[in-house]
Amino acid sequence: MTTNDRHSAEHTLVPPVAPRYAVLWAALAYAVVVLALAWPVFGGGFLVSPHSDQYIAGFAFRQFGADVLRETGAYAQWNPYLFGGMPFVAAMHGDLFYPTFLLRMILPTDLAMSWGLIIHVWLAGVGTYLFLRAWGFGFFASLTGGMAYMLGGNVAGLVSPGHDGKLFVSSLLPFTLLLLLRGLRDGWRWVWGVLAIVVGLAVLSPHPQLLQYMLLIGGAFALLLAFADTGGGRLPRAVALRRLAFGGGSVMVGGLIGAIQYLPVMQYVPFSPRAGGAGWEHAISYSMPPEELVNMLLPQFTGMLDAYWGRNGIHLHSEYIGVVALMLAGLAFGGALMIRAQRRWVMFWTGAFIVSLLWALGGYTPFYHLVYAVVPGAKFFRAPSTMLFVVSFCVAMLAAVGAERALRGQVRARPLLVWVCVAIGIAVLGVTGGLTNLAQSVASPGAVDFVLDNNAALAAGSLRVLLFVVLAAGAMYAASLGRLTPGLIGTLLVALLAADLWSVVQRYWLFSPPAAELFASDATIDYVKAQPQPGRVLAVPGPGPMTPRDPYLTGDALMVHEVRQVLGYHGNELGRFDQLGGRANNWIQIANPNFWHLMNVQYLLVNARESPIPGAELVAGPVRNAVGTEVSLFRLPGENPYAWLTTTIVNAPDQQVIGTILDPRFDVRTVALFDTSATVKGESLQQLPAPLDVGATVTSYAPGRVSLTLSAPAPAGSALLVSENWYPGWTATVDGQPVTVERADYTLLGIPMPQGATRVELTFDSAPYHTGKRVTLVALLLAVVASLAGLVRLPRRAEVSHG
């Protein structure tokens, strides 16, 4: 038989016919596997790890946003609870506008967050299945690819660190590629509007870094479809360019759909601590160390979760791609007689795999210097290893090819034998301690004990790899001998792949008690909430025992109870607050009484029975908080009110202001220091005046809306200082008349007071948010209209050239 004859014969063989309602069966299979991970949610379990960002901060953000939206019918604009206050939308507090916010309108926030993660893992599988089927893969090959992507550590494992934005974009990637395929290759016009909506959802995730990665891989795939023969002939150049233009237009409209989130963000960038980028070292932080490549095959190598000994400090997800998935992906390269479309597929996803893997390695290879220099946004982002979801997707695409070959009986014994030999070698090294010795050779000296403690897990993991390799190899070899039907081999491969991945990723699906227990109040919180005037709490870890990552002392749990705290956990607070507090020097100014006054710091919450600050008075506790740490609440010495009236105003440049107001010799009650660019012009002083005997009482307080009354009329030349960070959007009225709100004392709200004034109303509202909302609505309408218009005309298959 000639080569051409063999080519023709092999490609007359077809995998089993897809079952009736194939999509529903695939969706059901994915649902069963995901629910086998998620079953505790039905008992009220909260899918949140004690080490995750959602535990420390995410729940507080979402609870606050949901409460405000339910109570007022509008989105919160100002978050007063962290770092002196910050804009809620512009500073980015999670999925405010992504459709998951709807779940929080009908379910308790913790259950809504849990179901948001569960649904998106399932969607990652369904989207991948639909994409593979649209390309032309059979039912079982597509089911295999979807299972490989969905259950991989770089998708399903993201629930452990609580990275919901990453998971949202990861699940949207296959849908993006599916729509590009239908629009570019098949000419389906209605998909362009849907593509705009999908891109808009990715923008609203909001995870700009993974959005960028999704658009990069989508753009590369679009070029493949436009200019290569992908099975139906090459598109004429004019048709290809026109369809690419439609795709580019969809991406632009998708970007506009995200305007409600990103117009406020664009205004915020100059005020952020990340303004201008954070430099090379920041950009390459959390690159994937090369030794962690082994985790793709043997997830226990650098230790899982608390057993991690690697170089990244924290490692709450898994790089595990799956030994069965990797076996199938390797088989994609054994088909010398592949048709042209399949060769293009393998070449493209192999190239994407190489590029995305080099990208994920970040600063450990010279390649990332090119990324840093050329790719927009690289200077603002960190953690290049987040590109690993693309690595996993590439492997899933190649695994579908390998599964198709196995179903056709085209797998030979030699590659399977190689895999078995490699697995035996890994098992021998694992059981005899060879892998532990290898780990010791690459681990830092301080991690040696962790490596030794990980020895048993590493040995068990190596035997687990051997088990799945032998089972998968045996099934594929039996299929090649014709002893298994294609339907049976397909079922076995999917089951083995799912069992392999599930057995690892289930370790990362950690459930906690419901939020009502996890974030319950205690006597210290109740005391602060009972006070008639607002006062901030300085929550810091002290010398006593503390539950690891206590969200009350190291996170944002106080925000759940509407208690304003001085610090918190965010990462994108206002840069001026960071500078005032001395963040670069480990928050050195938080012990400065002038800082306490400026920031309305009245209480110290600490895990100690004695105050570390002289003169502080115990007012509540010691008591065990909801996570088990014994805490005490102390009232700090001095009066540190929410607002105070200064005697006079002085203009000074920033460099002088910050040094002056933090100098203990300067009485912040006497002079308000406005910037030299302020509209108000102050006096020139030779000495500090005496403070005024005029108090400011808060008569009404809500996030972004405050009413104050003075105990006596304001004298001429005075100014009211309010302990909220200044940001564009604050407006004020004094005795009903609008006045200008200026930035004073480096970062606070400063209001020049007319003589005789007694009442002040402050309101925060973001103009870019309202503009963005209008743009988003118009863009959504445009996308819907484009989809409906596209349904009017059928695809023109004649546009494809077979020349």
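Our subject in this report is the structure included herewith. Computed from a predicted model, the values in this text were never measured in an experiment.

So, how was this worked out
Residues numbered from 1 in each chain as written. Predicted model: local features only at pLDDT ≥ 70, side-chain atom pairs only at ≥ 80, totals over all residues. Heavy atoms only, no water. Helix = DSSP H or I, 4+ residues; strand = E, 2+ residues; numbered from the N terminus. Rg over C-alpha atoms; globule rule 2.2 N^0.38 Å. Contact = heavy atoms within 4.5 Å. Areas by Shrake-Rupley, 256 points an atom, 1.4 Å probe, with all protein chains shown as cover. 1 Å grid on protein atoms, 1.4 Å probe; cavity = no way out; pocket = protein on both sides within 12 Å on 5 of 7 lines; lining within 4 Å. Points joined across faces, edges and corners; volume = space filled by probe spheres on them. Nonpolar A, V, L, I, M, F, W, Y, C, P; charged D, E, K, R; others polar. Pairing = 2+ DSSP bridges. Axes fitted to C-alpha atoms, helices over the stretch in contact; angles between N-to-C directions. Parallel < 35°, antiparallel > 145°, perpendicular 65-115°, else oblique. Buried < 20%, exposed > 50% of the residue type's maximum accessible area, 1.4 Å probe, protein only. Core = buried A, V, L, I, M, F, W, Y, C linked by side-chain atoms within 4.5 Å. Patch = residues over 30% accessible without salt bridge, like charges linked within 9 Å, V, L, I, M, F, W, Y side chains within 5 Å. Salt bridge = Lys/Arg side-chain N within 4 Å of Asp/Glu carboxyl O. Phe/Tyr/Trp six-rings, centres within 6.5 Å; stacked < 30°, edge-to-face > 60°. Lys NZ or Arg CZ within 6 Å of the ring centre and 35° of its normal.

## A short note on the overall build of the protein
Now for step 1: Each helix and strand counted, the protein has 28 helices and 17 strands in total.
Now for step 2: For 803 residues, the compact-globule estimate of 2.2 N^0.38 gives 28 Å, and the C-alpha radius of gyration of the protein, at 30 Å, lies within 12% of that figure.
Now for step 3: In terms of overall dimensions, the protein has C-alpha extents of about 105 × 65 × 50 Å along its principal axes.
Now for step 4: For the protein, restricting intrachain contacts to residue pairs at least 6 apart in sequence, the fraction spanning at least 24 positions comes to 76%.
Now for step 5: With the model as given, the accessible surface of the protein reaches about 31400 Å², and the carbon-plus-sulfur share is 64%.

## Side note on empty space enclosed by the protein
Any empty space left between the atoms is revealed when a probe the size of a water molecule rolls over them.
Now for step 1: Per the counting criterion, the structure on display carries six cavities of 30 Å³ or more.
Now for step 2: Empty space within the second largest cavity amounts to approximately 70 Å³.
Now for step 3: With four residues, the top contributor of residues to the lining of the second largest cavity is helix α3 (residues 53-72).
Now for step 4: Taken together, the residues of the lining of the second largest cavity break down into six nonpolar, one polar and three charged.

## So, the sheet that holds strand β11 (residues 705-710)
Now for step 1: On the basis of which strands lie adjacent, the open sheet formed by five strands has the order β10-β11-β17-β13-β14 and antiparallel pairing. Bordering the open sheet on either side are β10 (696-702) and β14 (737-739), each of which pairs with just one other strand. In this sheet, neighbouring strand axes are inclined to one another by 25 degrees on average, regardless of whether the strands run parallel or antiparallel.

## Overview of the packing of helix α8 (residues 191-203) against helix α9 (residues 208-227)
Now for step 1: Running from N to C, α8 and α9 point in directions that differ by 150 degrees, and their axes come no closer than 9 Å. When the axes of α8 and α9 are compared, the pair comes out roughly antiparallel. Packed against α8, whose contacting residues are Val-199, Ala-202 and Val-203, the element α9 presents Leu-211, Met-214 and Leu-215 at the interface.
Now for step 2: Class assignment for the residues of the contact of α8 with α9 results in six nonpolar, no polar and no charged.

## Remarks on the layout of surface pockets
Now for step 1: In this structure, the second largest pocket spans a volume of roughly 840 Å³.
Now for step 2: At the level of secondary structure, the elements contributing two or more residues to the lining of the second largest pocket comprise α3, α23 (523-529), α24 (557-560), β10 and α28 (767-790).
Now for step 3: For the lining of the second largest pocket, the element with the most residues is α3, which contributes six residues.
Now for step 4: For the lining of the second largest pocket, the residue count by class is 20 nonpolar, eleven polar and eight charged.

## With respect to the side chain of Ser-392
Now for step 1: In this fold, Ser-392 is placed in helix α16 (residues 388-407).
Now for step 2: Residue classification places Ser-392 among the buried residues on the basis of a relative accessible area of 5%.
Now for step 3: When sequence neighbours within four positions are dropped, the list of residues in contact with Ser-392 reads Tyr-149, Asn-154 and Ile-321.

## A short note on unusual backbone geometry
Now for step 1: Cis peptide bonds are those with omega within 30 degrees of zero, and the linkage from Ser-205 to Pro-206 qualifies with -20 degrees.
Now for step 2: Within the secondary structure, Pro-206 sits in the loop between α8 and α9.
Now for step 3: Along the chain, Gly-621 connects to Pro-622 via a cis peptide bond; the corresponding omega equals 0 degrees.
Now for step 4: With respect to the helices and strands, the residue Pro-622 is situated in strand β5 (residues 617-624).
Now for step 5: Of note in the backbone geometry, Ala-383 takes a positive phi value of approximately 60 degrees without being a glycine.
Now for step 6: Note that Ala-383 resides in the loop between α15 (367-374) and α16.
Now for step 7: Here Glu-562, not a glycine, exhibits a phi torsion of approximately 60 degrees, which is positive.
Now for step 8: Structurally, Glu-562 is set in the loop between α24 and α25 (575-581).

## Some remarks on helix α11 (residues 259-268)
Now for step 1: Among the ten residues of α11, seven are classified as buried, and the element is accordingly described as predominantly covered.
Now for step 2: When α11 is considered as a whole, its buried residues turn out to be Ala-259, Ile-260, Gln-261, Tyr-262, Pro-264, Val-265 and Tyr-268.
Now for step 3: The elements touched by buried residues of α11 are β2 (86-87), α8, α9, α10 (237-257) and α28.

## Let's talk about the nonpolar core
Now for step 1: Core analysis: the largest hydrophobic core is formed by 147 residues, its most contacted members being Phe-131, Phe-221, Trp-349 and Trp-509.
Now for step 2: Broken down by element, the residue count for this core peaks at 16 residues, all from α16.
Now for step 3: Residues within four places of Phe-131 in sequence aside, it is in contact with Pro-174, Leu-177, Leu-178, Leu-181, Phe-221, Trp-345, Trp-349, Phe-393 and Met-397.
Now for step 4: Formed by 120 residues, the second largest nonpolar core is a distinct cluster that contains Val-563, Leu-574, Ala-719 and Ala-732.

## As for the pairing of β5
Within a regular strand, the side chains alternate between the two sheet faces.
Now for step 1: As defined by bridge partners, β5 adjoins strand β6 (residues 630-635) across five bridges and the pair is classed as antiparallel. Bridged to Arg-624 within β6 is Glu-630.
Now for step 2: Between the end of β5 and the start of β6, which pair antiparallel, lie five residues, with Gly-628 showing a positive phi angle near 100 degrees.

## Focus on a nonpolar patch on the surface
Now for step 1: Taken together, the side chains of Tyr-21, Leu-24, Trp-25, Leu-28 and Val-32 present a nonpolar region at the surface, about 580 Å² in accessible area.
Now for step 2: The exposure class of Leu-28 is partly exposed, given its relative accessible area of 45%.

## Points about the environment of Gln-737
Now for step 1: Take Gln-737: it is sitting in strand β14.
Now for step 2: Taking C-alpha positions, Gln-737 is 53 Å from Val-121, a pair spaced 616 residues apart along the chain.

## Quick word on the sheet that holds strand β4 (residues 601-606)
Now for step 1: Spatially, β3-β4-β6-β5 is the arrangement adopted by the four strands of the open sheet, whose pairing is mixed. The open sheet terminates on both sides in strands that have one partner only, identified here as β3 (536-540) and β5. Averaged over all neighbouring strand pairs, the angle between strand axes comes to 20 degrees, with direction disregarded.
Now for step 2: One ladder, built from five bridges, connects β3 with β4; its direction is parallel. Note that in β4 the partner of Ala-539 across the bridge is Leu-605.

## Considerations on the packing of aromatic side chains
Now for step 1: Using the criterion set out here, one finds 44 aromatic pairs in the structure.
Now for step 2: Relative to Trp-115, the ring of Phe-42 lies with its centre 5.6 Å away and its plane at 75 degrees, an arrangement referred to as edge-to-face. With Phe-42 in the loop between α2 (22-38) and α3 and Trp-115 in helix α5 (residues 109-135), the pair connects residues that are 73 residues apart, well separated along the chain.
Now for step 3: Accessibility expressed as a relative area gives 58% for Phe-42, which makes it exposed.
Now for step 4: With a relative accessible area of 22%, Trp-115 lands in the partly exposed category.
Now for step 5: With 4.4 Å between their ring centres and 5 degrees between their planes, Tyr-98 and Phe-168 make a pair best called stacked. Taken together, the residues span a long stretch of sequence, with Tyr-98 in the loop between β2 and α4 (103-106) and Phe-168 in helix α7 (residues 164-185) at a distance of 70 residues. Judged on exposure class, the residue Tyr-98 and its partner Phe-168 are both buried.
Now for step 6: Here the guanidinium or amino end of Lys-379 rests over the ring plane of Tyr-372, the centre of that ring lying 4.8 Å away.

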